[in-house]
Amino acid sequence: MASEDVKSSESAVSKIVNFAEEAKLAREEIKPTSHAVLSICKSLVAGGVAGGVSRTAVAPLERLKILLQVQNPHNIKYSGTVQGLKYIWRTEGFRGLFKGNGTNCARIVPNSAVKFFSYEQASKGILWLYREKTGNEDAELTPVLRLGAGACAGIIAMSATYPMDMVRGRLTVQTEKSPYQYRGMFHALATVLREEGPRALYKGWLPSVIGVIPYVGLNFAVYESLKDWLVKAKPFGLVEDSELGVITRLACGAAAGTVGQTVAYPFDVMRRRMQMVGWKDAASVVTGDGRSKAPLEYTGMIDAFRKTVRHEGFKALYKGLVPNSVKVVPSIAIAFVTYEQVKDLLGVEIRISD
């Protein structure tokens, strides 16, 4: 009898232990899921904040770049960076320097959020496939693989928010002399849909896709590769305890931005010009105030390249490059650093709340 009691006690204890182990395993299975959700939210918020801050900081240069890209070659109003900024200030005031920035931020916040999140997810997927193929569990992403992850992220983010970019381009080039005024992003979207159809919202999409591959891809590849090299080589005492300072990361971001934008810039010019095609009552800077030839119509990307070079020369493919260079270096640098700083901040808050 006593032995039976002992056996039943042992059985009860065994069941309790089993239940405890199962509960522990269940908690361990749930925990990574909750952390994964938090990680996703953290990446999306950090990417959105990084995009909004960086674009607002360089909004005047961004607007001037677009004006230089699309202005009628027969009626030049903006002839350089300094002259162009002075002209905008004189004719439109302080608000003119930031025209279109609200729409740009409305576009760039989700764009950056999707881009950074897509890059992290693409990097993880590519790294997993790379390790599976090589059989090396300690393998790391190479610059080429980072380039691929960055290109995937850029295409996904750009495609998701392209209609907003299209109307932002038109809002940006509006001046007081424009015959018809879009009142804002939603009014512009509705007007384009009504007058030109839904396909018009994706004018210039192809050169954007082609251009975004080297632009975003090289940005991420150069930035991450420079960081890895600095951490491993530790040149000039720039690295302490395997951590890069803010200034060093800014320099890495600046180098990444310079390389990416130089390679992809002609595609950006074609994108902007194609976005202006078919615009009824177009902005005066595009039509030349009606005193000169209207802008050329383009049937596609190749036609746009051919006509631009034929009528304006090869240099036209790099119109606005100077203000864009001045803009893109701090913009990319600020975006990367803000992204990492916000992620660190959110990470601290999550640990405290736990």
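Residues numbered from 1 in each chain as written. Predicted model: local features only at pLDDT ≥ 70, side-chain atom pairs only at ≥ 80, totals over all residues. Heavy atoms only, no water.

- The protein is annotated in an unreviewed UniProt entry as Mitochondrial adenine nucleotide transporter ADNT1-like from Coffea canephora.
- Under the UniProt heading Sequence similarities (unreviewed entry), the entry covering the protein gives this text: "Belongs to the mitochondrial carrier (TC 2.A.29) family." (UniProt positions renumbered as here; feature names shortened; annotations may be inferred.)

Comments concerning the packing of aromatic side chains
Okay, step 1: Tallied over the entire structure, the rule returns 9 aromatic pairs.
Okay, step 2: Judged by centre distance (4.0 Å) and plane angle (15°), the ring pair of Phe 116 and Tyr 339 falls under stacked. Of this pair, Phe 116 sits in helix α4 (residues 101-134) while Tyr 339 sits in helix α11 (residues 321-353); the two residues are 223 residues apart in sequence, bridging distant segments of the chain. Residue Phe 116 shares its accessibility class with Tyr 339, and that shared class is buried.
Okay, step 3: For the ring pair Tyr 265 and Tyr 318, a centre distance of 6.1 Å and an interplane angle of 15° mean the geometry is stacked. On the criterion of sequence distance, the pair formed by Tyr 265 in helix α8 (residues 246-276) and Tyr 318 in the loop between α10 (301-312) and α11 is long-range, its members being 53 residues apart.
Okay, step 4: On the basis of relative accessibility, which here comes to 1%, the residue Tyr 265 falls in the buried class.
Okay, step 5: Feature note: the residues Trp 89, Phe 94 and Phe 98 constitute an aromatic cluster, connected by ring pairs. (Phe/Tyr/Trp six-rings, centres within 6.5 Å; stacked < 30°, edge-to-face > 60°. Helix = DSSP H or I, 4+ residues; strand = E, 2+ residues; numbered from the N terminus. Buried < 20%, exposed > 50% of the residue type's maximum accessible area, 1.4 Å probe, protein only.)

Points about empty space enclosed by the protein
Okay, step 1: Applying the stated criterion to the full structure yields 3 cavities of 30 Å³ or more.
Okay, step 2: The computed volume of the largest cavity comes to approximately 460 Å³.
Okay, step 3: Residue lining of the largest cavity: 29 residues in total, with Arg 55, Val 212, Tyr 215, Asp 268 and Arg 271 positioned closest to the centre.
Okay, step 4: Within the residue set of the lining of the largest cavity, elements represented by two or more residues are α2 (59-70), α4, α5 (143-173), α7 (205-233), α8 and α11.
Okay, step 5: Ranked by residue count, the leading element in the lining of the largest cavity is α8, at 8 residues.
Okay, step 6: Taken together, the residues of the lining of the largest cavity sort by class into 11 nonpolar, 7 polar and 11 charged.
Okay, step 7: The calculated volume of the second largest cavity comes to roughly 150 Å³.
Okay, step 8: Lining the second largest cavity are 14 residues, and of these Ser 112, Lys 115, Phe 116, Ile 332 and Ala 335 lie nearest its centre.
Okay, step 9: Looking at the lining of the second largest cavity, the elements with two or more residues in it are α1 (2-57), α4, α7 and α11.
Okay, step 10: Looking at side-chain class alone, the lining of the second largest cavity contains 7 nonpolar, 5 polar and 2 charged residues. (1 Å grid on protein atoms, 1.4 Å probe; cavity = no way out; pocket = protein on both sides within 12 Å on 5 of 7 lines; lining within 4 Å. Points joined across faces, edges and corners; volume = space filled by probe spheres on them. Nonpolar A, V, L, I, M, F, W, Y, C, P; charged D, E, K, R; others polar.)

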